[in-house]
Amino acid sequence: QVQLVESGGGLVQAGGSLRLSCAASGRTFSNYDMGWFRQAPGKEREFVAAVSSSGASTVYAPSVKGRFTISRDNAKNTVYLQMNSLNSEDTAAYYCAAGRKTLMPSRWPGSYDYWGQGTQVTVSS
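Residues numbered from 1 in each chain as written. Predicted model: local features only at pLDDT ≥ 70, side-chain atom pairs only at ≥ 80, totals over all residues. Heavy atoms only, no water.

Moving on, we get to the pairing of strand S5 (residues 46–51). Of all 6 residues making up S5, 5 are buried, and the element is well covered by its neighbours. With 5 bridges joining them, strand S4 (residues 32–39) and S5 adopt antiparallel strand pairing. Across the sheet, Arg-38 pairs through a bridge with Glu-46, a residue of S5. The antiparallel pairing of S4 with S5 creates a hairpin that spans 6 residues between the two strands, and Gly-42 there sits at a positive phi of about 80°. (Buried < 20%, exposed > 50% of the residue type's maximum accessible area, 1.4 Å probe, protein only. Helix = DSSP H or I, 4+ residues; strand = E, 2+ residues; numbered from the N terminus. Pairing = 2+ DSSP bridges.)

Here it is, written out as C-alpha cells:
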C-alpha cells in the first residue's frame, strides 16, 4: 500500500501561483510513476501532469503545459505541482496518484493504483 497526502491548496487570485505537494508513505516511492489529476464540480476527473519514477520523463495536459511544472524528490518521497498563471478554469480538487513505473507516465487514471484525498484549489477572477 502507498498512502498519499496532498497539501498546498487554497484560494488564489487569477494570475497567481500555488505549489501543491503530495507526500507518500508505505512502499518504495521511487518504484512509482506519479500523477496529478483534478476534478471540478459536475465534471469528470481529468489528467493534469505526470512524472516517471526517476523524474526523467514528464507529460502534461495541453491546458496546463507551459504554466504547470511537475517534479519529484525521491529522497523526500514527495511530488510537487508548481502552478503559475492560474485562471478560473483551474479551480478544482487536485489529486495525486501513484502507479507502477513505466517507460512513459500515463495520462489514464486507470494506470494509477493509489490516490490521495485531494486538495482544493480555488482561483478567483
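Although it is not a glycine, Asn-77 adopts a positive phi angle of roughly 55°. Of note, Asn-77 is situated in the loop between strand S7 (68–73) and strand S8 (78–83). A relative accessible area of 28% means that Asn-77 is categorised as partly exposed. The residue Ser-85 is not glycine, and still its phi comes out positive at about 50°. Examined against the element boundaries, Ser-85 turns out to sit in the loop between S8 and strand S9 (92–100).

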